[in-house]
Amino acid sequence: LVVDAKIDGAPPAAIASWPAAITAIPELEDAALGHGLVNGQPDQDGIVRSVPLVASVAGKTMPGLALELARLSLDAASLRVSPRSVELNGRRIPIDARGRMHFRFGLFPHANIVSAADVLGRGLPTDYFRGKIVLIGLAAEGTSDIVATPLAAENFGVVVQAEAIDTILNGGWLSRPPWAGPVEWLL
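Residues numbered from 1 in each chain as written. Predicted model: local features only at pLDDT ≥ 70, side-chain atom pairs only at ≥ 80, totals over all residues. Heavy atoms only, no water.

Q: Just give me the short version of the overall build of the protein, but keep the residues and values in it.
A: Assigned secondary structure in the protein consists of 5 helices and 12 strands. In terms of overall size, the protein behaves like a compact globule, its C-alpha atoms giving a radius of gyration of 17 Å where 187 residues would be expected to give roughly 16 Å. When its C-alpha atoms are laid out on the principal axes, the protein stretches across 60 × 35 × 30 Å. Burial status across the protein gives 30% buried among its 187 residues. Of all intrachain contacts in the protein linking residues separated by at least 6 positions in sequence, the fraction that spans at least 24 positions is 67%. Separation of charge centres in the protein, based on 15 positive and 19 negative side chains, amounts to 8 Å. (Helix = DSSP H or I, 4+ residues; strand = E, 2+ residues; numbered from the N terminus. Rg over C-alpha atoms; globule rule 2.2 N^0.38 Å. Buried < 20%, exposed > 50% of the residue type's maximum accessible area, 1.4 Å probe, protein only. Contact = heavy atoms within 4.5 Å. Lys, Arg positive; Asp, Glu negative; His and termini not counted. Charge placed at Lys NZ, Arg CZ, Asp CG, Glu CD.)

Q: Run through the sheet that holds strand 2 (residues 17–18), naming residues and quoting values.
A: With mixed pairing, 3 strands are arranged side by side in an open sheet as 2-4-5. The outermost strands of the open sheet, each flanked by one partner alone, are strand 2 and strand 5 (60–63). (Pairing = 2+ DSSP bridges.)

Q: Requested: an account of the packing of aromatic side chains, with residues and values cited.
A: One pass over the structure, following the stated rule, counts 2 aromatic pairs. Look at Tyr-128 and Phe-129: their rings are 5.0 Å apart centre to centre, the planes differ by 90 degrees, and that puts the pair in the edge-to-face class. Over the aromatic face of Tyr-128 sits the side chain of Lys-132, whose NZ or CZ is 4.7 Å from the ring centroid. (Phe/Tyr/Trp six-rings, centres within 6.5 Å; stacked < 30°, edge-to-face > 60°. Lys NZ or Arg CZ within 6 Å of the ring centre and 35° of its normal.)

Q: Which residues make up the pattern of salt bridges, and what values do they have?
A: Counted according to the given criterion, the structure contains 8 salt bridges. For Asp-8, the salt bridge is made with Lys-6, and the minimal N-O distance between the two is 2.8 Å. Between Glu-68 and Arg-71 there is a salt bridge, with its nearest N and O atoms 2.8 Å apart. With Glu-68 and Arg-71 both in helix 2 (residues 65–73), this residue pair falls 3 residues apart, about one helical turn. What makes Arg-71 buried here is its relative accessible area of 5%. The structure contains a network of salt bridges with shared partners spanning Asp-43, Asp-45, Arg-49, Asp-96 and Arg-100. (Salt bridge = Lys/Arg side-chain N within 4 Å of Asp/Glu carboxyl O.)

Q: Give a detailed account of the side chain of Glu-29, specifying residues and quantitative values.
A: Here Glu-29 shows up in helix 1 (residues 26–29). We note that Glu-29 is buried and unpaired, the nearest opposite charge coming from Lys-60 at a distance of 11 Å. Among the polar contacts listed, one links the side chain of Glu-29 to the side chain of His-35, at a separation of 2.8 Å. Residues contacting Glu-29, with those up to four places away along its chain left out, are Thr-23, Ala-24 and His-35. (Polar contact = N/O pair within 3.5 Å; in protein donor to acceptor, adjacent residues only side chain to side chain.)

Q: Could you give an account of unusual backbone geometry, naming the residues involved and the relevant values?
A: For Ala-58, which is not glycine, the phi torsion reads 55 degrees and is therefore positive. Residue placement: Ala-58 occurs in the loop between strand 4 (54–57) and strand 5. In this model, Asn-89 sits at a positive phi of 50 degrees, which is unusual for a non-glycine residue.

Q: Could you give me a rundown of the pairing of strand 5, with the residues and numbers involved?
A: Each regular strand displays side chains that alternate between the two surfaces of the sheet. One ladder, built from 4 bridges, connects strand 4 with strand 5; its direction is antiparallel. Along strand 5, the bridge assignment pairs Ala-55 with Met-62. The turn linking strand 4 back onto strand 5 is made up of 2 residues, and Ala-58 within it adopts a positive phi angle of 55 degrees.

Q: How would you explain the sheet that holds strand 6 (residues 78–81) if you had to name every residue and give the values?
A: Strand order in the open sheet made by the 4 strands is 1-6-7-8, with mixed pairing throughout. Strands with a single pairing partner mark the edges of an open sheet, and in this sheet they are strand 1 (6–9) and strand 8 (91–94). Strand-to-strand twist across the sheet, computed as the mean angle between neighbouring axes with direction ignored, equals 25 degrees. Of the strands in this sheet, strand 6 and strand 7 (85–88) are in contact with helix 2, which crosses strand 7 at around 20 degrees. (Axes fitted to C-alpha atoms, helices over the stretch in contact; angles between N-to-C directions.)

Right, here's the structure in full:
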């Protein structure tokens, strides 16, 4: 299992933990600039409201896909993890007890979704993707990467990851103060 980022600190005790990971074929795995986990479970009601920023695989702390892509885009060598946050290039991103970042979902610009047909045969400019983070995913009816979000009963998982990356890079994450739980219980 390859962990490219140097990860300092102690993650939350309740982060997701797996004994092993399924990796890509060697030709892709060896060429990858980074490695991040795509695992993310919806909340109990089936709605995805967050993405995991850290998890544990085979006893190693691993970044989630969104965090790893943000790290690579910022050319950062390391991450600092604490039970309540992840720090990346001066950004202190709050995480919950399971290592997840909660964020504001928005309406993803349809113009930012490019079909494979356009990429492979319709003559996009050669520099079309220059300076951009590009996610390749299955985004069609009938595929298994369909999730429910606070704004849509059906959304593509790859779009959720894109929104999470944008949140990490530009802000907009949500935080819950430690006193919220006891106050809610009292009320």
